[in-house]
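Understanding the architecture of this molecule
Listed here are the chains, written in short residue letters.
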Amino acid sequence: MGGWTAGDIPDLSGRRAIVTGANSGLGHHTALELARRGASVVLACRSAERGQAAADRIKAAVPGADVALGQLDLADLSSVRTFAGRHGDAPLDVLVNNAGVMALPRRTTADGFEMQFGTNHLGHFALTGLLLDALRAAPAPRVVTLTSGFAWTGRLRFDDLHGERRYRKWAAYSQSKLANLVFAKELDRRVRELTSVAAHPGYAATNLQQTGPKMQGSTLMERAFGLGNALVAQSAAAGALPSLYAATALDVRGGACYGPRLLQYRGAPAKVVTPPHADRPGLGERLWQVSEDLTSVSYAPARA
């Protein structure tokens, strides 16, 4: 099946991008293709060692690529603030909020948040807000936030966001991915100087699916997910195409979501339908207020 490919990315010379979780999987392929088209890319990674290895791979694949490593732990707001302080002093054309964790046993972040909601949503909410001046300084900035098909089953449980009363790992993951989608839509409504969109990869083979079982010591589930990745999933490179489309295509619409065109499962990227409850009146406003309260990050109004 034909359709949009990485070869359709326009020239990005002179543009600057930040991609979170760029050391592997979707984030790595996103950063690679942005660099291939001439963008200056910061790989925002928790592990300096794995991040440097990823930067070296990109430089080997794209001689002359302008790639830098920035250490970022989204599960620690002090790390988010430090990263933004170091990388928010120049215009930022593209921010790809890609990093995430999936279906983990209950853990908490350095700030006491449930790990999936804290990493996938709150960390990116804080990062985007702290980089807002850099985004506004670019001529046509975009923010791409990764969601998932699990957003369809997600519910924002404001009375128990951190799973303190009841924790189910897949429900917590779905909640975090719905939060990513709602955030992308609300950001586009609130900050008119940028284009905010969501993207999701369909079913793509990354190490994300096996991390949770590995943490639980479930070798059987780890092998099952590995087999599923090998037999059913599309590649991580294919899974990155919706993010790349959302970040670079000329016809992207703010507040929309881009994913695989074939049943939102695989195939070339296209604008896709999102769960109706993601647009429920007041939901974005409530999530925004809660997120500001939890992170102590407020999005400043545009300067006159």
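Described below are features of the structure shown in this document.

Conventions and cut-offs
- Residues numbered from 1 in each chain as written.
- Predicted model: local features only at pLDDT ≥ 70, side-chain atom pairs only at ≥ 80, totals over all residues.
- Heavy atoms only, no water.
- Salt bridge = Lys/Arg side-chain N within 4 Å of Asp/Glu carboxyl O.
- Helix = DSSP H or I, 4+ residues; strand = E, 2+ residues; numbered from the N terminus.
- Buried < 20%, exposed > 50% of the residue type's maximum accessible area, 1.4 Å probe, protein only.
- Pairing = 2+ DSSP bridges.
- Axes fitted to C-alpha atoms, helices over the stretch in contact; angles between N-to-C directions.
- Contact = heavy atoms within 4.5 Å.
- Expected span 1.5 Å × (residues − 1).
- Polar contact = N/O pair within 3.5 Å; in protein donor to acceptor, adjacent residues only side chain to side chain.

**Let's talk about the pattern of salt bridges**
- Considering all chains together, one arrives at 6 salt bridges under this definition.
- Arg 36 is the salt-bridge partner of Glu 33, the closest N and O atoms lying 3.1 Å from each other. A residue pair is termed a helical-turn pair when its members lie 3 or 4 positions apart in one helix, as Glu 33 and Arg 36 do in helix α1 (residues 25–36) at 3 residues.
- Classification of Glu 33 as buried rests on a relative accessible area of 15%.

**As for the sheet that holds strand β1 (residues 16–20)**
- The strand order across the open sheet built from 8 strands is β3-β2-β1-β4-β5-β6-β7-β8, with neighbouring strands paired in mixed fashion. Whereas interior strands pair on both sides, the edge strands pair on one side only; in this sheet they are β3 (67–71) and β8 (266–271). Taking each pair of neighbouring strands and ignoring which way they run, the sheet shows an average axis angle of 25 degrees.
- Strand direction decides the pairing type here: β1 and strand β2 (residues 40–45), joined by 5 bridges, are parallel. Pairing of Arg 16 across the sheet is with Ser 40, part of β2.
- Its contacts with the sheet place helix α4 (residues 115–130) against β1, β4 (94–97) and β5 (142–146), and it is angled at close to 170 degrees to β4.
- Contacting β4, β5, β6 (195–199), β7 (257–262) and β8, helix α10 (residues 241–248) runs over the sheet at an angle of about 160 degrees to β5.

**Brief notes about α1**
- Taking 1.5 Å of rise per residue, 12 residues should cover 16 Å, and α1 covers 17 Å from first to last C-alpha, within 8% of that figure.
- With respect to burial, α1 is a largely interior element, 10 of its 12 residues being buried.
- What α1 keeps buried is the set Gly 25, Leu 26, Gly 27, His 28, Thr 30, Ala 31, Leu 32, Glu 33, Leu 34 and Ala 35.
- Looking one or two places after α1, you find Gly 38, whose phi comes out positive at around 105 degrees.

**Remarks on helix α11 (residues 283–295)**
- With 13 residues, α11 extends 18 Å from end C-alpha to end C-alpha; this agrees with the ideal 18 Å at 1.5 Å per step.
- Where α11 is buried, its residues meet α3 (77–87), α4 and α6 (169–190).
- In the stretch just after α11, Ser 296 is the one whose phi turns positive, near 60 degrees.

**Some details on the side chain of Thr 248**
- Checked against the element boundaries, Thr 248 lands in helix α10.
- At a separation of 2.7 Å, a polar atom in the side chain of Thr 248 contacts the main-chain carbonyl oxygen of Leu 244.
- For Thr 248, the contacting residues outside a window of four places in its chain are Trp 4, Ile 9, Pro 10, Leu 12, Leu 34 and Arg 142.

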